[in-house]
Amino acid sequence: MDQPPGSPQGPRDKGPQDAENLPGCYRHPDRETGVRCTRCERPICPECMVSASVGFQCPDCVRGGSGTGHAPAATQPRTLAGGTVASDPRLVTKVLIGLNLAFYLVQLSVGDAFTDRFTLFGRAWLSGDVQGVAEGQWYRMLTSMFLHGSAMHIIFNMLSLWWVGGPLEAALGRARFIALYFISGLAGSALCYLLADANQPSLGASGAIFGLFGATAVLMRRLNYDMRPIIALLVINLIFTFGWSNIAWQAHIGGLVAGVVVGYAMVHAPRERRNLVQYGVCALMLVAVVATTLIRTAQLT
């Protein structure tokens, strides 16, 4: 799969104020922002924004109480998408990077036998036997997301995951970020399984990372940030995707589409039905993945 070469630049507000005069976040002074807490009016960046009934509040104001007489514990800090504000907003991103690196080290230690056992392909002769997803090895659609073909492959993917995943995890919350990542990756695997040759192997985290790109674009649009950096990033990656013959473009497109759909549900769900809409869309995407897999399996068997 592709090695995304970069990550979106830091989002910037599109208001009439000149970018040079934007204040820095009160918790992260190096991050310019045009959004302020509706209670204390301190500038806050996307990582510090807590969705409120009107606008956004900073974590300190939320921890101090709702302003309606409730005890401080009655109102927990929430992210833009409704997730809980965590003390380490990049924890899941770090764990995912660690898992990818661990799998790659095992690949280097064990060799092709390990990679062939867990990479994605539809149906092919391997080690004297017919193997593949069509033969009931459905786990390949998940395990292939943690395998990589070379050092440069995993380096580019992990840099992209760190640059894009961290801010997105902070904006969505841990549970929603995990759902987005794995659904995007599985959607990429499903489309690759459906459209690629049955004996074509595919591996890498790029499908999931393309999903993060798509969700980041939706988030930036939601916050009225400059869309040019993320659009440029997507264009560059799509040029690489379709310009190199050894790249599984199906996984990239599948992950990107899933990321946009799930990301839109995450950041645009109405507050009163937020969980129902967010996780309902995630469930529908998983149904689509299963249906696609069953259709292709029927074709190959």
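Quick caveat: nothing in here was measured; it's all calculated off a predicted structure.

**Things to note about the state of the cysteines**
Phase 1 of the analysis: By the definition in use, this model includes zero disulfides.
Phase 2 of the analysis: Unpaired in terms of disulfides, Cys40 finds its nearest cysteine sulfur in Cys37, a separation of 3.6 Å.
Phase 3 of the analysis: Summary of cysteine pairing: Cys58 is not part of a disulfide, and the nearest cysteine sulfur, belonging to Cys61, is at 3.5 Å.
Phase 4 of the analysis: A relative accessible area of 0% places Cys58 in the buried class.

**Structural notes on the packing of helix H6 (residues 174–195) against helix H10 (residues 274–300)**
Phase 1 of the analysis: At their nearest, the axes of H6 and H10 sit 9 Å apart, and the two run at 20° to each other. Relative to H10, H6 is oriented roughly parallel. For H6 against H10, the interelement crossing comes out left-handed.
Phase 2 of the analysis: Residue composition of the contact of H6 with H10, by class: 14 nonpolar, six polar and three charged.

**Brief notes about the confidence of the model for the protein chain**
Phase 1 of the analysis: Averaged over every residue, the pLDDT of the protein chain is 84; the share at 70 or more is 87%.
Phase 2 of the analysis: Note on residues 66–74: pLDDT under 50 across the span, and eight contacts to partners over four residues away in sequence or across chains.

**So, the nonpolar core**
Phase 1 of the analysis: In this structure, Ile44, Leu161, Leu168, Tyr181, Leu212 and Met266 are the most contacted members of the largest nonpolar core, which totals 68 residues.
Phase 2 of the analysis: For this core, the elements supplying multiple residues, two or more each, are helix H2 (91–110), helix H5 (151–172), H6, helix H7 (206–222), helix H8 (228–243), helix H9 (249–268) and H10.
Phase 3 of the analysis: Once residues lying within four places of it in the same chain are set aside, the contact partners of Leu212 are Leu161, Val164, Gly165, Leu168, Phe177, Leu180 and Tyr181.

**Let's talk about unusual backbone geometry**
Phase 1 of the analysis: The phi dihedral of Glu41 falls on the positive side, at around 65°, and the residue is not glycine.
Phase 2 of the analysis: With respect to the helices, strands and loops of the structure, Glu41 is situated in the segment before strand E1 (50–51).
Phase 3 of the analysis: Positive phi, close to 60°, is recorded for Asn224, a residue that is not glycine.
Phase 4 of the analysis: Among the structural elements, Asn224 can be located in the loop between H7 and H8.
Phase 5 of the analysis: When its relative accessible area of 51% is taken as the criterion, Asn224 is described as exposed.

About the criteria used
- Residues numbered from 1 in each chain as written.
- Predicted model: local features only at pLDDT ≥ 70, side-chain atom pairs only at ≥ 80, totals over all residues.
- Heavy atoms only, no water.
- Disulfide = S-S within 2.5 Å.
- Buried < 20%, exposed > 50% of the residue type's maximum accessible area, 1.4 Å probe, protein only.
- Axes fitted to C-alpha atoms, helices over the stretch in contact; angles between N-to-C directions.
- Helix = DSSP H or I, 4+ residues; strand = E, 2+ residues; numbered from the N terminus.
- Parallel < 35°, antiparallel > 145°, perpendicular 65-115°, else oblique.
- Left-handed = near helix turned anticlockwise from the far one by under 90°.
- Nonpolar A, V, L, I, M, F, W, Y, C, P; charged D, E, K, R; others polar.
- pLDDT = per-residue confidence, 0-100.
- Contact = heavy atoms within 4.5 Å.
- Core = buried A, V, L, I, M, F, W, Y, C linked by side-chain atoms within 4.5 Å.

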